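For reference, the chains in residue letters:
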Amino acid sequence: MVKHIVFWKLEEHAQGRSAADNAVLVKERLESLRGEIPGLLHLEVGIDISRTDASADIALYSEFEDMAALDVYQVHPAHQAVVGFVGEVRTSRLVVDYEV
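Below or above, wherever it landed, is the structure these notes cover. (Residues numbered from 1 in each chain as written. Predicted model: local features only at pLDDT ≥ 70, side-chain atom pairs only at ≥ 80, totals over all residues. Heavy atoms only, no water.)

**Points about the layout of surface pockets**
To find leftover empty space, a probe the size of one water molecule is rolled over the atoms. Space inside the largest pocket adds up to approximately 180 Å³. As for the largest pocket, its lining consists of 14 residues, of which Trp-8, His-79, Val-83, Val-86 and Arg-93 are closest to the centre. The set of elements that each furnish at least two residues to the lining of the largest pocket consists of strand E1 (2-10), helix H2 (67-75), helix H3 (77-89) and strand E6 (90-99). Partitioned by chemical class, the residues of the lining of the largest pocket number eight nonpolar, four polar and two charged. (1 Å grid on protein atoms, 1.4 Å probe; cavity = no way out; pocket = protein on both sides within 12 Å on 5 of 7 lines; lining within 4 Å. Points joined across faces, edges and corners; volume = space filled by probe spheres on them. Helix = DSSP H or I, 4+ residues; strand = E, 2+ residues; numbered from the N terminus. Nonpolar A, V, L, I, M, F, W, Y, C, P; charged D, E, K, R; others polar.)

See the structure below:
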């Protein structure tokens, strides 16, 4: 199994919306991927509530059958649509992928 964890920091204002509004949209779009991509076993998205200087705005935790399934996810059209939107509203991204 491969775990894929991503953290994003969002622009304060992007596409005419606040970071808080865009966080909700990112969460909804990511959650819409459940059941859409083969090999994606689990996906959860959290919006930060601590709001500290060290905080990211959004966290994605997901599990995949194996590295091949994560590779399929990365290029899947449904995921790419979310990637395009997130790219327009984020300032930074951190990712960790590891096998268990």
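**Side note on the nonpolar core**
Nonpolar side chains tend toward joint burial in soluble globular proteins. Trp-8, Leu-30 and Tyr-73 are the most contacted members of the largest nonpolar core, which has 24 residues in total. Here Trp-8 is in contact with Leu-30, Ala-56, Asp-57, Ile-58, Leu-60, Val-86, Arg-90, Ser-92 and Arg-93, once residues within four sequence places are set aside. (Core = buried A, V, L, I, M, F, W, Y, C linked by side-chain atoms within 4.5 Å. Buried < 20%, exposed > 50% of the residue type's maximum accessible area, 1.4 Å probe, protein only. Contact = heavy atoms within 4.5 Å.)

**Concerning a negative patch on the surface**
Together, Glu-65, Asp-66, Asp-71 and Glu-99 give the surface a local cluster of negative charge. Locating Glu-99 in the fold gives a position in strand E6. (Patch = residues over 30% accessible without salt bridge, like charges linked within 9 Å, V, L, I, M, F, W, Y side chains within 5 Å. Areas by Shrake-Rupley, 256 points an atom, 1.4 Å probe, with all protein chains shown as cover. Salt bridge = Lys/Arg side-chain N within 4 Å of Asp/Glu carboxyl O. Lys, Arg positive; Asp, Glu negative; His and termini not counted. Charge placed at Lys NZ, Arg CZ, Asp CG, Glu CD.)

**Comments concerning helix H1 (residues 19-31)**
Relative to the 18 Å expected for 13 residues at 1.5 Å per residue, H1 spans 18 Å between its end C-alpha atoms, a close match to the ideal helical length. Taken residue by residue, H1 has Ala-19, Asn-22, Ala-23, Val-26 and Leu-30 as its buried positions. The buried residues of H1 occupy one face: seen down the axis, they fall within an arc of 105°. (Expected span 1.5 Å × (residues − 1). Arc of directions from axis to C-beta.)

**A look at the packing of aromatic side chains**
Across all of its chains, the model carries one aromatic pair by this definition. Ring geometry for Phe-64 against Tyr-73: centres 4.8 Å apart, planes inclined by 55°, an arrangement best described as tilted. Tyr-73 shares its class with Phe-64; the two are buried. The ring of Phe-85 has Arg-29 lying over it, and the distance from NZ or CZ to the ring centre is 3.9 Å. (Phe/Tyr/Trp six-rings, centres within 6.5 Å; stacked < 30°, edge-to-face > 60°. Lys NZ or Arg CZ within 6 Å of the ring centre and 35° of its normal.)

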